[in-house]
Amino acid sequence: MEKSDCEDKKIRCKSLFIDGTKYRTTLNKKYEKRKPWSKLEKNKIISVIPGTILKIYVTEGQCVKKGDNLIVLEAMKMLNLIKSPLEGIIKSIKLKEGEKVSKGKLMIEIGYT
Amino acid sequence: MGLKRKILELHKKREKALKGGGDKAIEKQTAMGKMTARERVISLCDPDSFHEYDLFVEHEARDFDMDKKILHGDGVIIGTGTIYGAPVCLFAQDFTVAGGSLGMMHARKITKIMDHALKMKVPLIGINDSGGARIQEGVNSLAGYGEIFFRNTLSSGVIPQISVILGPCAGGAVYSPALTDYVFVVDKISKMFITGPEVIRTVLGEEISMEDLGGARVHSEITGNAHFFAKSEAECFEQIKKLISFIPWNNTKKARKFEPKEPKPEYKISEIVPGDPRQPYDVRDVIKAVVDDSDFFEIQELWAANIVIGYGRMNGDTIGFVANQPLVLAGVLDVDSSDKAARFIRYCNAFNIPIITLVDLPGYLPGIDQEHAGVIRHGAKLLYAYSEATVPKMTVILRKAYGGGYIAMSSRHLRADFVFAWPTAEIAVMGPEGAANIIFRKEIMEAEDPDKMRKQKVKEYKDKFANPYVAAARGYVDSVIEPEETRKLLLHAIEVSDNKSVFLPQKKHGIPPF
């Protein structure tokens, strides 16, 4: 009896490496759907909460200093003023006033000077 | 008025009240594929055993023309009954009456039966089918929820609390089930969420159906909020009855003893586990090979399936089982599996149910997502739960028990009472490949043929450490046993642990890593 359940019960097994050892096993949905990690890029302004863009204070090509107003994002009945986290040039604006944004959307990209 | 007429009057009043929201509303409920609240409590309890109270309760609301509305029983049924002879307290929200909405008197009925359950020390079963707070009753409705949550918490660990979701259960209402011990859901009928699809669409602009947001499958597979998934209400009630047969009525009692039975012969314990620790198998087959009648009642089968939890009987007594599942994610510990097992262990401990742990795991699941999801904090729950548990704890190490996983899975060091290991057990600080790569790094790197050297060193390490005897030499393992001896030794261990008593330091309560 050296046959595993992969063959016995005709279960589709895959491989999982742990500490250099390859295990035969099945993977669950959560594991297969996990998102690859990426480093947070400070110059990319991402919506941390879904909501509506009420105001955009900047235009493409404009120079901004750290702390300058960028956008007002209304979410959960709150007006969230989003400020520039660094000094640079507005490289691109990915949305318009009045637009609804979902969580995790790239809103503004700032180029380094 | 003569007695006869007065009795007749009672009959008339009863008849009216028992109709709930009336024929039309009942028709609607049936059209949705749902049983009525009264049908539910009656089919859940032993025949003729359900007795209803507060049938004639009426609401007191005056605003918004509520004074002109009659809501029979204020939209909820409460009562007592028996399930397989076990006394239980029940409430069932009646969706036919104002959508089962929760007003002040509705809540007062629920808290009345909850107080009763706690006082009488019997299980509480709540059937949820409600549109939520009765908006017309304003803050009184919120007060009602709060009173229910408080009692859920007070009763936690004293009496078993079971929630059955047979309709919508939305907003604040979800927190009563969340505070209870077991949540039962039925496919296409149960819906649970804090904010519904409507709010999500208007606020966030995202489209999702109720089913995809908080249907029975979602809570059984993704969130882990539900413990039992059924395809129909009838199947759900059978599951509840079976659970009631396994658990004690309260925390001062033991579960009822059943007629002892031998496991079924088709589960041959020595033929389930492959010798190669990298090959999978279904650990539930091992459980079935040791429990009475091979009857294993699994909890949260669809969520975090890399660990298996549930009840079985040995010599007629209820035992809680926790087992790594090599068939899913190689049986690793991760955020969800630690959460799942830790809560179950605490339940067993609160209700005097001995715990048998079957160990076969390569360790913790590596990954950035796991680390960032707080596997440190969640993993710690498992250590906490095993360490604080004072019920008899028996551990069988089937194959791999590496590193932190070995410690966490009811090891001697967390005060397991009996630790048995099969000859196939590998109790080591890590898997042979990983260990050899670290210990013999220099030799491997400097070798003419590093691959050959690595293989040789892995074999060397395996021969010396990948066995149960190093741990047995320190007494960390009490006995190395043949697979066939497992049931016999476990039965003996349970027998001699019957009067186990442990003294813990005095404290108000511990601070588990919630």
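As the structure is a computational prediction, the values presented were derived from the model and not from experiment.

Here's the deal with the interface of chain B and chain A
Many analyses report the size of an interface as the accessible area lost when the parts associate.
Part 1 of the argument: Counting residues at the interface gives 39 residues for chain B, matched by 32 residues for chain A.
Part 2 of the argument: In total, about 2,700 Å² of surface goes out of reach between chain B and chain A, with carbon and sulfur atoms giving 57% of it.
Part 3 of the argument: Area buried by chain B at its contact with chain A is led by R278, L327 and L329 of chain B, which between them contribute 19% of it.
Part 4 of the argument: Taken together, chain B and chain A are joined by two salt bridges.
Part 5 of the argument: Across the salt bridge formed by K30 of chain A and D336 of chain B, the nearest N and O atoms sit 2.7 Å from each other.
Part 6 of the argument: Across the chain B-chain A interface, the total number found is twelve residue pairs in polar contact (both at pLDDT 80 or more).

Thoughts on the pattern of salt bridges
All names here are of chain B.
Part 1 of the argument: Summed over the entire model, instances satisfying the criterion amount to 40 salt bridges over all chains.
Part 2 of the argument: A salt bridge links D65 to K68, with the shortest nitrogen-to-oxygen separation between them at 3.0 Å.
Part 3 of the argument: Using a relative accessible area of 48% as the deciding quantity, one classes D65 as partly exposed.
Part 4 of the argument: K68 gets classed as exposed once you look at its relative accessible area, which sits at 65%.
Part 5 of the argument: A salt bridge links K400 to D360; the shortest N-O distance between them is 2.6 Å. Taken together, the residues K400 in strand 14 (residues 393-402) and D360 in strand 13 (residues 355-361) connect sequence positions 40 residues apart.
Part 6 of the argument: A relative accessible area of 0% means that D360 is categorised as buried.
Part 7 of the argument: Sharing partners across several salt bridges, the network here consists of K34, R40, D129 and E233.

Definitions and limits used
- Residues numbered from 1 in each chain as written.
- Chains lettered and ligands numbered in written order.
- Predicted model: local features only at pLDDT ≥ 70, side-chain atom pairs only at ≥ 80, totals over all residues.
- Heavy atoms only, no water.
- Contact = heavy atoms within 4.5 Å.
- Buried area = accessible area lost by both parts, 1.4 Å probe.
- Salt bridge = Lys/Arg side-chain N within 4 Å of Asp/Glu carboxyl O.
- Polar contact = N/O pair within 3.5 Å; in protein donor to acceptor, adjacent residues only side chain to side chain.
- Buried < 20%, exposed > 50% of the residue type's maximum accessible area, 1.4 Å probe, protein only.
- Helix = DSSP H or I, 4+ residues; strand = E, 2+ residues; numbered from the N terminus.

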